[in-house]
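Here are the chains, one letter per residue:
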Amino acid sequence: MLKGIPHDHSALIEKLQRETPSFEMLSDLADLFKLFGDTTRMRILYVLSESEMCVCAISEYLGMTQSAISHQLKTLKNANLVKARRDGKTIYYALKDNHVRSIIAQGFDHLTEERN
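Enquirer: Just checking my understanding: could you explain the overall build of the protein for this structure?
Expert: Looking only at helices and strands, one finds six helices and three strands in the protein. From first element to last, N terminus to C terminus, the protein shows the α and β order α-α-α-β-α-α-β-β-α. A compact globule built from 116 residues would reach a C-alpha radius of gyration of about 13 Å, whereas the protein, at 20 Å, exceeds it by more than 25%. Structurally, the protein occupies a C-alpha span of about 70 × 35 × 20 Å along its principal axes. In the protein, of all internal contacts separated by at least 6 residues, the share reaching a separation of at least 24 is 48%. Treating the 15 positive side-chain charges of the protein as one cloud and the 15 negative ones as another, the clouds have centres 7 Å apart.

So, in structure tokens, the structure goes:
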């Protein structure tokens with residue numbers, strides 16, 4: 001392009017107007033990624049990507065109180081990132097679905113690629 005000569009963006013703008021998700025959807029996506037921005041929650045999600053676990057096991061492994069773990073699990077459950085299963089008096093937590101596992105794996109792939 002020559003300096004000072006305008007170029008036509010209309011086709012690109014029209015395509016973006018048709019295909020860009022709504023502001024609300026993009027806001028929800030930003031909120032989802034904020035949940036991944038907390039180290040404690042990431043540690044919990046990572047261990048749950050390896051195995052279903054109860055609060056006491058997560059607490060012992062991470063060296064944190066059960067209260068702190070329960071608080072973060074409630075946040076993750078409310079965001080549909082983890083699910084709970086009761087077995088007697090014990091509640092076991094696991095990742096909600098493979099999408100959550102994939103987000104974590106993609107993040108690690110990105111970091112690994114970036115550092116090599």
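Read on, since the account is not over.
Enquirer: I tried to follow the packing of aromatic side chains on my own but got confused; where do I start?
Expert: Describing an aromatic ring pair means giving the distance of the ring centres and the angle of the ring planes. By the definition in use, this model includes two aromatic pairs. Where Phe-33 meets Phe-36, the ring centres are 6.3 Å apart and the plane angle is 45°; that geometry is what we call tilted.

Enquirer: Would you mind showing me how to read the packing of helix α3 (residues 39-50) against helix α5 (residues 66-78) here?
Expert: When two helices pack together, their arrangement is given by the angle between the helix axes and by the axis-to-axis distance. One way to put it is that α3 packs onto α5 with a least axis distance of 10 Å and a crossing angle of 80°. One finds that α3 runs roughly perpendicular with respect to α5. Residue-level inspection shows Thr-40, Arg-41, Ile-44, Leu-45 and Leu-48 of α3 in contact with α5, the latter providing Ile-69, Gln-72, Leu-73, Thr-75 and Leu-76. Taken together, the residues of the contact of α3 with α5 break down into six nonpolar, three polar and one charged.

Enquirer: Whenever I open this one, the packing of helix α4 (residues 55-62) against α5 confuses me. Can you help?
Expert: Where α4 contacts α5, the two axes come as close as 9 Å, and the packing angle between them is 115°. Classified by the angle between their axes, α4 and α5 sit roughly perpendicular to one another. As for how α4 packs across α5, the hand of that crossing is right-handed. Of the residues in α5, those in contact with Val-55, Cys-56, Ile-58, Ser-59 and Leu-62 of α4 are Gln-66, Ile-69, Ser-70 and Leu-73. For the contact of α4 with α5, the residue count by class is six nonpolar, three polar and no charged.

Enquirer: Help me understand the nonpolar core in this model?
Expert: In summary, soluble globular proteins display a tendency toward joint burial of nonpolar side chains. Counting 19 residues, the largest nonpolar core has Ile-44, Leu-45, Leu-48, Ile-58 and Leu-73 as the members making the most contacts within it. Secondary-structure elements contributing two or more residues to this core are α3, α4, α5, β3 (90-95) and α6 (98-115). In terms of residue count, α3 provides more of this core than any other element does, four residues in total. Excluding anything up to four places from it in sequence, Leu-73 contacts Ile-44, Leu-48, Val-55, Ile-58, Val-82 and Tyr-93.

Enquirer: Mind showing me how you'd approach the pairing of strand β2 (residues 82-87) here?
Expert: A regular strand carries its side chains on alternate faces of the sheet. Bridging between β2 and β3 involves six bridges; their strand directions are antiparallel. Bridge pairing in β3 links Ala-84 to Tyr-93. In this structure, the hairpin formed by β2 and β3 is closed by a connection of two residues, where Gly-88 is found at a positive phi of approximately 70°.

Enquirer: Would you mind showing me how to read a nonpolar patch on the surface here?
Expert: Taken together, the side chains of Leu-12, Ile-13 and Leu-16 present a nonpolar region at the surface, about 270 Å² in accessible area. If you trace the backbone, Leu-12 turns up in helix α1 (residues 10-19).

Thresholds applied
Residues numbered from 1 in each chain as written. Predicted model: local features only at pLDDT ≥ 70, side-chain atom pairs only at ≥ 80, totals over all residues. Heavy atoms only, no water. Helix = DSSP H or I, 4+ residues; strand = E, 2+ residues; numbered from the N terminus. Rg over C-alpha atoms; globule rule 2.2 N^0.38 Å. Contact = heavy atoms within 4.5 Å. Lys, Arg positive; Asp, Glu negative; His and termini not counted. Charge placed at Lys NZ, Arg CZ, Asp CG, Glu CD. Phe/Tyr/Trp six-rings, centres within 6.5 Å; stacked < 30°, edge-to-face > 60°. Axes fitted to C-alpha atoms, helices over the stretch in contact; angles between N-to-C directions. Parallel < 35°, antiparallel > 145°, perpendicular 65-115°, else oblique. Nonpolar A, V, L, I, M, F, W, Y, C, P; charged D, E, K, R; others polar. Left-handed = near helix turned anticlockwise from the far one by under 90°. Core = buried A, V, L, I, M, F, W, Y, C linked by side-chain atoms within 4.5 Å. Buried < 20%, exposed > 50% of the residue type's maximum accessible area, 1.4 Å probe, protein only. Pairing = 2+ DSSP bridges. Patch = residues over 30% accessible without salt bridge, like charges linked within 9 Å, V, L, I, M, F, W, Y side chains within 5 Å. Areas by Shrake-Rupley, 256 points an atom, 1.4 Å probe, with all protein chains shown as cover. Salt bridge = Lys/Arg side-chain N within 4 Å of Asp/Glu carboxyl O.

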